[in-house]
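# Residue-level structural notes
Residues per chain, in single letters:
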Amino acid sequence: MANNHTVEVNGAQRALGDPDFQEKFVRVIERLAEWEEALGDLPTAIAFGKELVQDRESMRYLLTSASDEIPLRVDRDTLVALAEILNALPTLVELMRPLLQFAEFAKAVLEDRASVEYLFASLTSEIESMQRRMEEARIIAREAGRVAAEDRTPVTVWSLLRLLKEPIVQKGLRYAKAFVQVAQDRAGAPTLNQL
């Protein structure tokens, strides 16, 4: 499992450092800004569409004149679906606004080459740091497994008491205690204050 994770991390590092990947990422963000421009007049179009759907005579005229020119078959189900889409558009626009604001911000950041380089350098640094910690943990676990397999001395109560005094064991136990207390607080369960 650790090897698969290392492969994924290495792949992410390569992608972050790849100028082609960075360029494609910038193009995606730039396209989001185009969507905002396209959606700018959408409330007016929605209002017009609602009025048009509610005006039966206009709809009848539109359908009869368009039936000769447009090779689509427009029936009642199509109109009902269109009306549902038009009614849902204001909600969709409201949902899109935060995304479009984020797109503007991301576009501004990505247009600044120094910010892009800093962002990718930071991500690469974090990935490398995490990779080093995982490698160190894997080496310690492997060495501990080897030592445990070779050690045939019995574990006594006195050796357990001495082990409990070790600083690294104390740190781990304090973490476990804090974890239990926080989990109980978040769950609303009664806390164990004597721990």
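Rules used throughout
Residues numbered from 1 in each chain as written. Predicted model: local features only at pLDDT ≥ 70, side-chain atom pairs only at ≥ 80, totals over all residues. Heavy atoms only, no water. Helix = DSSP H or I, 4+ residues; strand = E, 2+ residues; numbered from the N terminus. Buried < 20%, exposed > 50% of the residue type's maximum accessible area, 1.4 Å probe, protein only. Contact = heavy atoms within 4.5 Å. Areas by Shrake-Rupley, 256 points an atom, 1.4 Å probe, with all protein chains shown as cover. Bend = angle between axes of the 7 residues up to and from the residue. Core = buried A, V, L, I, M, F, W, Y, C linked by side-chain atoms within 4.5 Å. Salt bridge = Lys/Arg side-chain N within 4 Å of Asp/Glu carboxyl O. Patch = residues over 30% accessible without salt bridge, like charges linked within 9 Å, V, L, I, M, F, W, Y side chains within 5 Å. pLDDT = per-residue confidence, 0-100.

## Focus: the overall build of the chain
On a plain count of helices and strands, the chain comes out with 8 helices and 0 strands. Tracing the chain from N to C terminus, the helices and strands come up as α-α-α-α-α-α-α-α. Buried positions account for 14% of the 195 residues belonging to the chain. Long-range pairs, those at least 24 residues apart, make up 70% of the contacts in the chain with a sequence separation of at least 6. Taken as a whole, the chain presents about 15,700 Å² of accessible surface, with 61% of it coming from carbon and sulfur.

## Some points on helix α5 (residues 76–111)
Of all bends in α5, the biggest is about 40°, found at L89, and the proline P90 comes one to four residues later. Every buried residue of α5 is accounted for by A83, L86, L89, V93, L100, A103, A106 and L110.

## A few points about the nonpolar core
Proteins that are soluble and globular tend to have nonpolar side chains buried together. Core analysis: the largest hydrophobic core is formed by 6 residues, namely V26, I29, A106, L110, V116 and F120. Counting only elements with at least two residues in this core, the list comes to α2 (19–39), α5 and α6 (113–150).

## As for the side chain of T124
Along the polypeptide, T124 turns up in helix α6. Here T124 falls in the buried class, since its relative accessible area comes to 19%.

## Points about the side chain of S129
Within the secondary structure, S129 sits in helix α6. With relative accessibility at 19%, the residue S129 sits in the buried group.

## Looking at the pattern of salt bridges
Across all of its chains, the model carries 5 salt bridges by this definition. Close ionic contact of R138 with E135 constitutes a salt bridge, the shortest N to O distance being 2.0 Å. Separated by 3 residues within a single helix, R138 and E135 lie in helix α6, roughly one turn from each other. Overall, E135 belongs to the partly exposed group, its relative accessible area being 31%. Connected via shared salt-bridge partners are E143, R146 and E150.

## Section: a nonpolar patch on the surface
On the surface, V157, W158, L161, L164 and L173 cluster together into a nonpolar patch covering about 530 Å² of accessible area. Per-element tally for the nonpolar patch: the top contributor is helix α7 (residues 157–164), with 4 residues. Note on placement: L164 falls in helix α7. Given a relative accessible area of 40%, L164 falls into the partly exposed group.

## Let's talk about the confidence of the model for the chain
Summarising the model, the chain shows a mean pLDDT of 78, and 72% of its residues fall at 70 or more. Confidence scores differ between elements of the chain, with helix α1 (residues 2–17) showing the lowest mean pLDDT of 63 and helix α8 (residues 167–187) the highest of 89.

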